[in-house]
Amino acid sequence: MEKEISVIVPVYNEQDNIFELYNRLLTSVTSITSNYEFIFVNDGSNDNSLLELIKLSNQDDNVFYINFSRNFGHQIAVTAGLKFCTGNSVVIIDADLQDPPELIPELYGKYKEGFNVIYAKREIREGETLLKRATSKLFYRILKRLISFEMPLDTGDFRLIDKKVVKVLNNMPEQSKFLRGQVAWLGFKQTHVLFNRDNRKNGKSGYSYGKMFKLAMDGITGFSDIPLVFVSRLGLAISFLSFIVILYAIFAHFVLKETITGWTSLIISSLFIGGIQLLSVGIIGEYISRINKNTNNRPLYIIDKSNIQDLKDNI
Ligand code: UDP
Ligand code: MG
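Now for a description of the structure that goes with this document. The structure presented is a predicted model; accordingly, all values stated were derived computationally and were not measured.

Take the nonpolar core next. In this structure, V7, V9, L25, F38, F40, V91 and F158 are the most contacted members of the largest nonpolar core, which totals 33 residues. Broken down by element, the residue count for this core peaks at five residues, all from helix α1 (residues 18-30). With residues near it in sequence (within four places) discarded, L25 still touches V7, V9, T30, F38, I93, P101 and I104. By size, the runner-up hydrophobic cluster in this structure holds 30 residues, among which are V41, V78, L82 and V117.

Right under this line is the structure:
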């Protein structure tokens, strides 16, 4: 049966947050409807998160879990949740209580007003390191310049989306997901509500700088070709510049009768060109890696275990 609200929670080493999260979600969601489901996607946690989830699902028939065979990453965990949820409206929320479940009624209120996407925009970010906040701010500002559609700044994946949007997302085949970009890209009626992002309750962030960098790259390569255009223009500009330098060198040698000497000019120019070449190949490589993933066409994730009926029958 269709639910009124589905809540999707990606879980990676959150054993000490799950119970409190569940209680707060329950209070918040049941103030709207009793026809709800919580879908927890355990993304290869190596703590007791799965046990906590199984315990909850035994207590509450509206709690479902999907256990991945290993860590596939936050975006993929949310993607799996989207595929198996049945709600008319779907909330995506982090498990570490940085996103307050108490905001859900407000998100739902906007949904009832007719919005298809209501994202929660962080007004204040507490607790995260200066470097994380600074890199994230910088990334969103760069991304905004690279893409051709409106992308809200400073939002994570905490949001409510309606069934129509979920259906579109489920039909977007890309392997490297950047959901907040995909949602912004697909349009419909979107709005936001503001909230203060708390510190993570227990445990530590599962987003290493490596994972953040990957997400940033997926965001850029998935939605903009400008870096490629930039590389080819740069190549053109540098070729032009070298041509002038060559002309000058010939002129100096034959006409002025002085040959430009020096190790410094040689090493500087070869390092400069070498650096630019590596950068350019790297940028092209990012795009090729994206194509490679898409043509491999592997499943996005492997499910080890679940209490969702459709899944149980297929494992
Ligand atoms: N998460 C996940 N897989 C990962 C890393 C994180 O499912 O590989 C989950 C995590 O449990 C949390 C959400 O994604 O619910 C956001 O992650 P986290 O709080 O670690 O990121 P941060 O808030 O530090 O950016
Ligand atoms: Mg967090």
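With that out of the way, let us pick up the coordination of the magnesium ion (ligand 2). Here the magnesium ion (ligand 2) is held by the protein donor atoms D96 (OD) and Q98 (OE1), which lie 1.9 Å from it. Comparing D96 with Q98, the two get one shared label, buried.

Turning to the site of ligand 1, a few remarks are in order. Of all residues adjacent to ligand 1, which total 19 residues, the nearest are E14, D43, D96, S205 and G206. One of the side-chain N or O atoms of N71 is found 3.0 Å from an oxygen atom in ligand 1. A distance of 2.6 Å separates an oxygen atom of ligand 1 from a polar side-chain atom of S205. Class assignment for the residues of the shell around ligand 1 results in five nonpolar, six polar and eight charged.

This part covers the sheet that holds strand β2 (residues 36-42). Strand order in this open sheet of eight strands is β7-β5-β6-β4-β1-β2-β3-β8, and the pairing throughout is mixed. The sheet terminates laterally at β7 (190-197) and β8 (303-306), the two strands that pair on one side only. Adjacent strand axes in the sheet meet at a mean angle of 20°, parallel and antiparallel pairs treated alike. Where β2 lies against strand β3 (residues 63-68), five bridges are found, and the strand directions are parallel. Residue V41 lies in a different strand from β3, and its bridge partner there is I66. Contacting β1 (5-11), β2 and β3, α1 crosses the sheet at an angle of about 155° to β2. Of the strands in this sheet, β1, β4 (89-92), β5 (117-125), β6 (155-162) and β7 are in contact with helix α4 (residues 104-112), which crosses β6 at around 50°.

What follows deals with the pattern of salt bridges. The final tally for this structure, using the stated rule, is 11 salt bridges. Across the pair D94 and R197 runs a salt bridge, and its minimum N-O distance is 3.6 Å. One end of the pair, D94, is in the loop between β4 and α4; the other, R197, is in strand β7, and 103 residues separate them in sequence. On the basis of relative accessible area, D94 is assigned to the buried category, the value being 18%. Its salt-bridge partner being R180, residue D157 comes within 3.0 Å of it at the nearest N-O pair.

Between its first and last C-alpha atoms α1 spans 18 Å; for 13 residues at 1.5 Å apiece the expected length is 18 Å, and the two agree. All of the buried residues along α1 are I18, L21, Y22, R24, L25, S28 and V29. Looking at the buried positions of α1, the neighbouring elements they touch are β1, β2, α2 (49-59), β3 and α4.

Rules used throughout
Residues numbered from 1 in each chain as written. Chains lettered and ligands numbered in written order. Predicted model: local features only at pLDDT ≥ 70, side-chain atom pairs only at ≥ 80, totals over all residues. Heavy atoms only, no water. Core = buried A, V, L, I, M, F, W, Y, C linked by side-chain atoms within 4.5 Å. Buried < 20%, exposed > 50% of the residue type's maximum accessible area, 1.4 Å probe, protein only. Helix = DSSP H or I, 4+ residues; strand = E, 2+ residues; numbered from the N terminus. Contact = heavy atoms within 4.5 Å. Donors = N, O, S within 2.8 Å, 3.2 Å for Na, K, Ca; no water. Near = heavy atom within 4 Å. Polar contact = N/O pair within 3.5 Å; in protein donor to acceptor, adjacent residues only side chain to side chain. Nonpolar A, V, L, I, M, F, W, Y, C, P; charged D, E, K, R; others polar. Pairing = 2+ DSSP bridges. Axes fitted to C-alpha atoms, helices over the stretch in contact; angles between N-to-C directions. Salt bridge = Lys/Arg side-chain N within 4 Å of Asp/Glu carboxyl O. Expected span 1.5 Å × (residues − 1).

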